[in-house]
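One letter stands for each residue in the lines below.
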Amino acid sequence: MGRAAERSPLLERERELAAITAAVDATAAGHGTAVWVEGPAGIGKTRLLRMAREHAVAAGVRVLSARGSALERDFAFGVVRGLFEAVVTAQPALIGAGPARLAAPVVTLVEEPSAAAAVTSARLHGLYWLTVGLADSGPLLLVVDDAHWADEPSREALAYLARRVEGLPVGILLASRSDLGTPHGEDIREDPATVVLRPGPLSSEACDRLVRAALGAAAPAFLDACHEAAGGNPLLLEALLATLSENAVAPDDAGVDAVRNRAPAIVAMLVLPRLRHLPPEAGAFARAVAVLGSAADVRRAGALAGLDPSTAVDAADALIAAELLTAGRPLAFSHPLVAEAITAHMSTAERHRGHYRAARCLARENADPERVAAHLLVVERLGDAWVVARLRAAAAAALVKGAPGATITYLRRAVAEPCPASELAELLVALGTAQVTAADGNGYRTLRRAWELTSDPRAAARVALAVSRAARNGGIYRPAQDIVTAAVAALGDTDADLVDELHTELAMASRIGTAPGTPSAARVSELAATAAGRGAEAMSLALRLAALNPLFEPGASAAAGAVAARAAELASRVAVDDVGGFYMACNTLVAVDRSAAVLPAVDAMIESARRAGSINDLGVATTMRAQIRYVLGRLRDAEEDARLADRLAARYDPGVRRHTKAWLVCCLVERGEAAEAENELAGSGVPMTLAHLLMARARLRLAQDRAGEALADLDECARRLRARDIEHPNFAPWQAWSAVTLLRLGRAEEARTRAADAVDTAREFGSARAEGVALWATGLVERSPGTLSEAVAALRGAPAPVELARALIDLGAMLRRANHRSDARKPLEEGLRIAFDCGAGALVAAARQELVATGAHVRRRAVTGPNALTPAERRIADLAAGGASNRDIAQTLFVTPKTVENHLGNAYRKLGVAGRTELAAALGH
């Protein structure tokens with residue numbers, strides 16, 4: 001059937017062929033393209049892809065091809081492996097260094113049992129740079145047929161690549177069925193840059209032409225019957241015509257009755273009689289190939305069919321001659337519908353035996369565990385311990401690849417086998433952990449079930465920790481407390497380190513930092529005091545503890561801040577496995593005016609995350625650095641960090657955008673970009689359920705003169721913080737800002753009360769920064785230059801340059817309005833200088849306006865040179881000036897080389913330089 005189809009003319013596909021040819025030519029010319037071909041089975045997609053490959057080879061474009069498989073749709077990165085495995089095996093240096101190495105577990109058959117679990121984003125990053133490396137040696141076309149059967153991680157990878165091929169000599173061509181009723185490929189298909197082709201059914205005229213070419217002159221009724229039966233589908237029409245020809249059906253009115261079955265039956269009409277006319281060994285061989293799928297070769301299929309090697313070769317040749325298999329190797333059916341027809345006529349027992357034997361065969365050959373598991377997913381559930389073991393091996397392999405979805409699939413199937421009772425709890429822990437990683441809401445319930453089945457106290461304690469963390473992730477605090485409390489009681493004092501970890505987890509789950517008399521509070525307080533001498537594990541616990549107390553307890557700032565600082569110093573030298581705890585500790589350090597102390601640890605975590613390709617850790621650490629740089633007045637750097645973190649969150653974890661948007665909006669408001677801040681916030685759709693984000697929007701609303709809305713956000717921010725017993729004013733200075741907002745609304749008495757409360761709270765917690773901000777608000781409310789001077793004095797001793805600039809400028813403005821113009825100039829000029837150095841454009845504009853009103857001559861800063869660069873342009877220019885290549889910069893900032901090229905071009909123009917060699921001098925390095 002395959003060769004017959006190839007011999008027929010390609011009709012009514014001129015538009016599709018022209019579009020694909022143009023895409024291949026664009027790839028050859030260095031312009032990235034993505035083409036999506038969609039239609040029902042047999043409409044001609046595969047033939048279009050074959051012609052595209054032929055044109056690409058003729059144009060000097062390297063082609064890598066793969067095909068999805070119904071059997072292996074759960075095989076994590078199976079299609080991606082099909083694309084890259086052969087070329088990487090031939091050129092191992094492609095994944096030997098740089099970020100491309102992160103793709104190694106995905107595209108090679110080498111098992112890495114000791115490899116740590118990875119997140120999908122790291123593998124996608126590695127695959128992108130592997131593709132870039134391949135494209136360095138010439139244009140590259142990636143072709144995937146039957147993409148509807150591609151596994152989910154492969155679909156993610158292809159979508160990831162498709163979004164980044166602009167400016168690269170890389171083309172992506174995919175074909176997918178549209179008649180299966182299941183969603184697939186939306187990210188690629190819906191991208192505006194993707195060319196989407198939908199070949200339609202052949203017209204009756206085209207069908208008539210094919211019928212006459214195959215059978216000769218035909219009666220009109222016969223032509224109509226053929227067109228109706230095939231529905232204009234070229235493959236089905238070819239199959240129908242081949243069947244009619246083999247059965248010597250005349251194309252006249254009498255032959256109309258022979259054309260009655262619809263599309264699937266037409267293929268079966270062709271396939272099954274052909275198999276019956278072949279030797280029985282050929283039929284057995286065909287069924288074995290259908291069972292094996294992409295793993296089929298003559299040796300395996302012959303063994304599965306019970307044939308000796310010579311007979312297996314004869315069977316393969318017979319099937320090729322009958323046009324059921326394609327010529328050449330590896331073995332493949334002429335069309336997926338042929339495999340479907342063969343499989344559909346196998347009994348359930350026959351399919352079970354075939355897939356079970358195939359799994360055994362592949363396992364004996366040490367095949368990829370997921371290739372073995374693909375067969376076990378479809379066998380009957382018979383309580384076979386070997387099946388459970390193979391599924392667990394596949395789950396481990398998928399986890400190393402960074403495919404938690406596939407891990408979950410294999411482990412669920414293992415649980416359902418059912419697995420031996422002795423393994424069930426352990427298996428459920430693995431399943432629940434994978435579910436939590438994949439943000440599957442069933443993770444908590446699975447882990448709780450595992451805890452209930454675990455009898456050993458130490459093992460139960462470890463499971464209890466996992467249960468509690470999963471519960472906290474889902475906002476389920478009370479059950480987490482109960483389970484950890486029970487684990488503490490069962491464990492006793494037999495394992496001091498584990499007990500410490502349980503108590504710390506209980507503190508985090510129950511917020512008992514506000515109840516110093518409880519047993520767990522006493523235990524963790526002792527831990528905090530002794531952690532410095534107890535090593536990295538104890539310090540990690542202390543780090544999390546320190547993240548609790550200062551935010552809740554006045555007077556705890558100094559001691560807990562010191563513990564957090566020691567933990568952060570340790571984190572700058574050793575790996576941190578509790579990124580969430582580290583983030584909390586960083587918040588603590590910011591709250592207790594130790595922002596600069598944690599910056600080296602955050603920088604170290606960012607570099608570690610980049611080396612490991614851990615997008616999650618990179619996003620968390622970069623978000624934290626954006627906050628720290630914001631507090632330290634490095635607004636341009638903070639904005640660039642926030643933008644990078646937001647890009648990562650948008651792609652990999654949209655829920656985190658509440659945090660990234662908070663600091664991005666804060667930066668933009670301070671930089672005088674209120675309109676852009678509004679666009680960032682409105683366009684993201686993030687829920688306003690985070691105190692920092694509410695604080696950021698309140699600041700934006702004030703900048704927009706929408707004080708009523710600002711006050712509503714500040715009140716909601718306060719409500720949320722109080723619900724969590726967080727009182728520290730530096731976490732979110734809502735009291736001071738609400739006092740200023742109330743003043744704007746003309747509610748002076750309420751403003752005075754709120755300002756006085758802000759001062760009291762700041763002094764209670766002992767924070768110079770918070771006191772300075774509270775005094776600034778009080779000075780505005782009371783219209784008191786003296787109080788504003790006190791605010792300036794307090795802020796000079798705190799890491800708060802933007803707040804200091806604000807207080808100075810407001811002090812100068814108040815003096816100017818009181819007609820003390822000469823006295824006003826000094827604080828205004830100092831405030832202007834600090835604000836400009838910070839990149840606080842809104843304050844710079846305010847200071848200029850006030851200085852002009854005093855009669856001073858204000859020199860306008862240059863709008864060209866380094867200060868004209870955007871944060872992204874400055875960051876890229878700095879890296880380029882330091883000797884980094886475009887590729888190095890792209891890898892560091894997780895952008896494409898094209899993005900780097902564009903930003904560098906803008907930087908050259910603004911700096912007035914011709915190229916890299918002049919950058920360092922122009923930037924003042």
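Residues numbered from 1 in each chain as written. Predicted model: local features only at pLDDT ≥ 70, side-chain atom pairs only at ≥ 80, totals over all residues. Heavy atoms only, no water.

Here we come to the sheet that holds strand β1 (residues 33-39). Strand order in the open sheet formed by five strands is β2-β3-β4-β1-β5, and the pairing between neighbours is parallel. Every interior strand has two partners, whereas the edge strands, β2 (62-67) and β5 (195-197), have only one. Recorded for the sheet is a direction-independent mean angle of 15° between the axes of neighbouring strands. In this sheet, β5 lies alongside β1 in parallel orientation, the contact comprising three bridges. Residue Val37 lies in a different strand from β5, and its bridge partner there is Leu197. Across the sheet, helix α7 (residues 152-162) lies against β1, β3 (140-145) and β4 (170-177), angled at about 140° from β4, the strand it touches most. (Pairing = 2+ DSSP bridges. Helix = DSSP H or I, 4+ residues; strand = E, 2+ residues; numbered from the N terminus. Axes fitted to C-alpha atoms, helices over the stretch in contact; angles between N-to-C directions. Contact = heavy atoms within 4.5 Å.)

Aromatic ring pairs are defined here through the distance separating the ring centres and the angle between the ring planes. Counted under the stated rule, the structure contains five aromatic pairs. Aromatic side chains Tyr630 and Trp663 sit 5.7 Å apart centroid to centroid with 50° between the ring planes, which places their arrangement in the tilted category. A residue pair is termed long-range when its members are at least 10 positions apart, and Tyr630 in helix α32 (residues 615-631) and Trp663 in helix α34 (residues 657-670) qualify at 33 residues. In terms of burial, Tyr630 and Trp663 fall into one category: buried. Geometrically, the ring pair formed by Trp737 and Trp776 is tilted, given 4.9 Å between the ring centres and 55° between the ring planes. Linking Trp737 in helix α38 (residues 734-744) with Trp776 in helix α40 (residues 768-782), this pair joins segments that are 39 residues apart in sequence. (Phe/Tyr/Trp six-rings, centres within 6.5 Å; stacked < 30°, edge-to-face > 60°. Buried < 20%, exposed > 50% of the residue type's maximum accessible area, 1.4 Å probe, protein only.)

In this section: the pattern of salt bridges. Under the criterion given, the structure shown has 51 salt bridges. Residue Glu680 pairs with Lys661 through a salt bridge whose shortest N-O separation is 2.4 Å. Of the two residues, Glu680 is situated in helix α35 (residues 674-684) and Lys661 in helix α34; the sequence distance between them amounts to 19 residues. What makes Lys661 buried here is its relative accessible area of 1%. Glu901 is the salt-bridge partner of Lys898, the closest N and O atoms lying 4.0 Å from each other. Of this pair, Lys898 and Glu901 both sit in helix α47 (residues 897-911), three residues apart, which is roughly one turn of the helix. Residue classification places Lys898 among the partly exposed positions, given a relative accessible area of 25%. On the basis of relative accessible area, Glu901 is assigned to the partly exposed category, the value being 44%. Via salt bridges that share partners, Glu639, Arg643, Asp646, Arg657, Lys661, Arg671, Glu676 and Glu680 belong to a single interconnected network. (Salt bridge = Lys/Arg side-chain N within 4 Å of Asp/Glu carboxyl O.)

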